[in-house]
Amino acid sequence: MATNTVANLRSTAANNLSSFSVTSKANKLPIFSLPALNSRRESQSRFIVLTASLDAKPTVLVAEKLGEAGLELLKEFANVDCSYNLSPEELCTKISLCDALIVRSGTKVNREVFESSGGRLKVVGRAGVGIDNVDLSAATEHGCLVVNAPTANTVAAAEHGIALLAAMARNVAQADASIKAGKWLRNKYVGVSLVGKTLAVMGFGKVGSEVARRAKGLGMHVIAHDPYAAADRARAIGVELVGFEEAIATADFISLHMPLTPVTNKILNDETFAKMKKGVRIVNVARGGVIDEDALVRALDAGIVAQAALDVFTEEPPAKDSKLVQHENVTVTPHLGASTVEAQACVAIEIAEAVVGALQGELAATAVNAPMVPAEVLTELKPYVMLGEKLGRLAVQLVTGGSGVKSVKVTYGSTRAPDDLDTRLLRAMIIKGLIEPISSIFVNLVNADFTAKQRGLRIAEERVTLDGSPETPLNFIQVQIANVESKFASAMSESGEIKVEGRVKDGVPHLTKVGSFEVDVSLEGSIILCRQVDQPGMIGRVGSVLGEENVNVSFMSVGRIAPRKQAIMAIGVDDQPKIETLKKIGDIPAIEEFVFLKL
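Below is a summary of the structure that appears in this document. Fair warning: this is a prediction, and the values are worked out from it, not measured in the lab.

Criteria and cut-off values
Along each chain, residues carry numbers from 1 onward, in the same order as the chain's sequence is written. Reporting of local features is limited, given that this is a predicted model, to residues whose pLDDT is at least 70; pairs of side-chain atoms are given and counted only at 80 or more, and all residues count toward the totals for whole chains, interfaces and linings. Side-chain measures were taken over the full set of non-hydrogen atoms in the model, leaving aside hydrogen atoms and water. Every case where a carboxyl oxygen of Asp or Glu lies within 4 Å of a side-chain nitrogen of Lys or Arg is listed as a salt bridge. In this text, helices come from DSSP runs of H or I with a minimum length of four residues, and strands from runs of E with a minimum of two, each type numbered from the N-terminal end. The rule is simple: take the accessible area with a 1.4 Å probe, protein chains only, and divide by the maximum for that residue type; under 20% is buried, over 50% is exposed, in between is partly exposed. Whenever a helix is involved, its axis is fitted only over the stretch in contact; in every case the axis is a line through C-alpha atoms, and angles between N-to-C directions fall within 0 to 180 degrees. An angle below 35 degrees is read as roughly parallel, one above 145 as roughly antiparallel, one from 65 to 115 as roughly perpendicular, and any other as oblique. With the far helix as reference, a near helix turned anticlockwise by less than a right angle produces a left-handed crossing, and one turned clockwise produces a right-handed crossing. In this description, contact between two residues means that some pair of their heavy atoms is separated by no more than 4.5 Å. Amino acid classes used here: Ala, Val, Leu, Ile, Met, Phe, Trp, Tyr, Cys and Pro are nonpolar; Asp, Glu, Lys and Arg are charged; the rest, including Gly, are polar. Should DSSP find at least two bridges between two strands, the strands are regarded as paired. We call a crossover right-handed when, viewed with the strands running away from us, the connection from the first strand over the helix to the second turns clockwise. One less than the number of residues in a helix, times 1.5 Å, gives the span that helix is expected to have.

### Observations regarding the pattern of salt bridges
So, step 1. What the rule picks out here adds up to 21 salt bridges.
So, step 2. Across the pair Lys 180 and Asp 176 runs a salt bridge whose closest N-O atoms are separated by 3.4 Å. Within this pair, Lys 180 and its partner Asp 176 are both found in helix α8 (residues 172-180), separated by four residues, close to a single helical turn.
So, step 3. The shortest N-O distance in the salt bridge between Asp 520 and Lys 505 comes to 2.8 Å. With Asp 520 in strand β20 (residues 517-522) and Lys 505 in strand β18 (residues 498-505), the pair connects residues that are 15 residues apart, well separated along the chain.
So, step 4. Residue Asp 520 is classed as partly exposed on the basis of its relative accessible area, which comes to 30%.
So, step 5. Residue classification places Lys 505 among the partly exposed residues on the basis of a relative accessible area of 32%.
So, step 6. By sharing partners, the salt bridges in this structure join Glu 389, Arg 393, Lys 432 and Glu 436 into a single network.

Below, the structure is given as structure tokens:
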């Protein structure tokens, strides 16, 4: 009888494939290729699996606590399984019966989870902003969309930042602990006033701008640093946009709201602390890794930093004997930025809506990994996609000053007709390169244009039709950023824009132009750009400095205006040179300017 039941299920599934949720990469149903059923118990267990798979409603596994409002929304559309505190093994066992998974920060959604899903898992929802606990590469490889809830925590995080700011300034935590220990030390806990003090908001996104609004209400003078901040929005709040160096050098208080990226990792370190005003006070409700915690302890002990208030740490929870946590001038909370009743409800609704929308096939603006692209298109465009992203990363790292990136022009040189080249993926990856190095936003084909528009970034595209064979889709890609200053003056074109251009050679992206200078260097590893007086021996001198410091050079190219005039040297390096090594290059008399760019 069990065998007949399975046969019936096979027939039902074959006639109603649209309602069946377990598929393979070939869109077939391998689950029905069953070996012989050897016992009644075995047949019953397999019957249960098949019955669950053929349910018309999708199944959503909620692996960490979610607000009731979000659960109710999910239950209207799906079967909801709330199973908290699952071990990794239990999660992998359950996931093969689920179409969606919702987690917070405590559950690791690694490659094994996606492999265990057997292709059924369609969407992972992260109830919050950060997605450090989700393997994005594995998700994309398995055709699983990852979405988050980036806006619901904004006010709660901003309020917590202000709470820490005030508590730190008035020694609230220390005084509270003192009284509870039976002491009365009024003279010891004399604080400082906020009114009239300068607050530097580092990262002027949603949370940073809300902190600025509230700080203005406290009578503080607020400055901000963010390359993508809209100047008109800053002016409307009464905030002055400045460069990074100016922000840290003039602030009495610094509030961190930047994402953790390769560029911002340990951005507050011994070197940057040394540039701050003595007695500065620091608040961090962003990401722990943006501060070098050992360097912060040294700065506190030296009196450079008077106090710090921290809600986040490089490792959470931090070690019980952490010198930073135990420091008498540090106020700490256990990652409470989003921990309000209202914020938890909003997060639950936002992530539930995103997950339901994704299961219904909608393109979510909060998607954080790339959607699936037809294999033939991806194969052809893959090296050009890499080229576009790396040109964007190069261009944005050349920007300096507080004005921010607002206008970008992308030029494609191609022998193909306009309708024979879809540039959406290329444009998305250029936007990804421009935004991700200094943002927590993950850009892909789904959200690229939305993200650019949200940040006031205007992308203009131009195609130059070239003569020749249309065998390759593109001859070159050029990226220009207008109305900005450059930390490497030679990258400016004659018309005043930062300009970089690249080509694909033998399947590898190459940088072929910087400003008005022709170069040819592979876009692998990282790049050092030097402007120099064109004279004999320069390549050897720079190469010797790098060799002495054990920095491997992969490519080196020199472009010049004319012999014995100015030249640009582009050097590809496998490793990031030490600051001392770069200074040695800068000290070579013929080097007029140089910059290190991390890819």
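### Considerations on the packing of helix α3 (residues 68-75) against helix α15 (residues 341-359)
So, step 1. For the pair α3 and α15, interaxial distance at closest approach is 7 Å and the crossing angle is 20°. With respect to α15, the axis of α3 lies roughly parallel. Seen from above, α3 lies across α15 with right-handed handedness. Contacts between α3 and α15 pair Ala 69, Gly 70, Leu 73 and Leu 74 from the former with Ala 348, Ile 349, Ala 352, Glu 353, Val 355 and Val 356 from the latter.
So, step 2. Residue composition of the contact of α3 with α15, by class: eight nonpolar, one polar and one charged.

### Some details on the pairing of strand β6 (residues 198-202)
Two faces, one strand: in a regular strand the side chains alternate between the faces of the sheet.
So, step 1. With respect to burial, β6 is a largely interior element, five of its five residues being buried.
So, step 2. By the alternation rule, side chains of β6 split into Thr 198, Ala 200 and Met 202 and Leu 199 and Val 201, which are all buried.
So, step 3. Pairing of β6 with strand β7 (residues 221-225), which is carried by five bridges, proceeds in the parallel orientation. Counterpart to Leu 199 in the pairing with β7 is Val 222.
So, step 4. Each parallel crossover has a hand, and for β6 linked through helix α9 (residues 206-217) to β7 it is right-handed.
So, step 5. Bridging between β6 and strand β9 (residues 253-256) involves four bridges; their strand directions are parallel. By the bridge assignment, Val 201 is partnered in β9 with Ser 255.

### Description of the sheet that holds strand β24 (residues 591-598)
So, step 1. Pairing in this open sheet of four strands is antiparallel, and the strands run β22-β23-β21-β24 from one edge to the other. Two strands bound the open sheet, and with one partner strand each, they are β22 (553-560) and β24. Neighbour to neighbour, the strand axes of the sheet diverge by 15° on average, direction disregarded.
So, step 2. Pairing analysis gives eight bridges linking strand β21 (residues 526-533) to strand β23 (residues 566-573), with the strands arranged antiparallel. By the bridge assignment, Leu 529 is partnered in β23 with Ala 570.

### Some thoughts on the packing of helix α7 (residues 154-169) against α9
Each pair of packed helices gets described by two things: the angle between the helix axes and the distance between those axes.
So, step 1. Close contact between α7 and α9 brings their axes to 8 Å; oriented N to C, the two are set at 50°. Classified by the interaxial angle, the pair formed by α7 and α9 is oblique. The handedness of the crossing between α7 and α9 is right-handed. Mapping the contact onto sequence places Thr 154, Val 155, Ala 157, Ala 158, Glu 159 and Ile 162 in α7 and Lys 206, Val 207, Glu 210, Val 211, Arg 214 and Ala 215 in α9.
So, step 2. Of the residues in the contact of α7 with α9, the class split is seven nonpolar, one polar and four charged.

### Overview of the environment of Asp 132
So, step 1. As for its position among the elements, Asp 132 is in the loop between β4 (123-126) and α6 (136-141).
So, step 2. Residue class for Asp 132 comes out exposed when judged on its relative accessible area of 67%.
So, step 3. Separated by 27 residues in sequence, Asp 132 and Ser 105 place their C-alpha atoms 7.8 Å apart.

### Quick look at the side chain of Ser 178
So, step 1. The topology assignment puts Ser 178 in helix α8.
So, step 2. Taking the relative accessible area as the measure of exposure, Ser 178 reaches 8% and is therefore buried.
So, step 3. Non-local contacts of Ser 178, meaning those with residues more than four positions away in its chain, are made with Lys 183, Leu 185 and Tyr 189.

### Points about helix α17 (residues 424-435)
So, step 1. Here α17 is twelve residues long and its end C-alpha atoms lie 16 Å apart, about the 16 Å a rise of 1.5 Å per residue gives.
So, step 2. When you tally the buried positions in α17, you get eleven out of twelve residues, the bulk of the element.
So, step 3. Turning to α17, its buried residues are Leu 425, Leu 426, Arg 427, Ala 428, Met 429, Ile 430, Ile 431, Lys 432, Gly 433, Leu 434 and Ile 435.

### Focus on the sheet that holds strand β12 (residues 330-332)
So, step 1. Within the open sheet, the seven strands sit side by side as β8-β7-β6-β9-β10-β11-β12. Their pairing is parallel. Strand pairing shows two members of the sheet lacking a second neighbour, β8 (240-241) and β12, which therefore form its edges.
So, step 2. In the packing of α9 onto the sheet, contacts are made with β6, β7 and β9, and the angle to β6 comes to roughly 170°.

### Digging into the environment of Lys 278
So, step 1. Here Lys 278 shows up in the loop between α12 (270-274) and β10 (280-284).
So, step 2. On the basis of relative accessibility, which here comes to 66%, the residue Lys 278 falls in the exposed class.
So, step 3. Distance from Lys 278 to Ile 304, taken between C-alpha atoms, is 4.5 Å for residues 26 residues apart in sequence.
So, step 4. Among residues more than four places away in sequence, those in contact with Lys 278 are Ala 302, Gly 303 and Ile 304.

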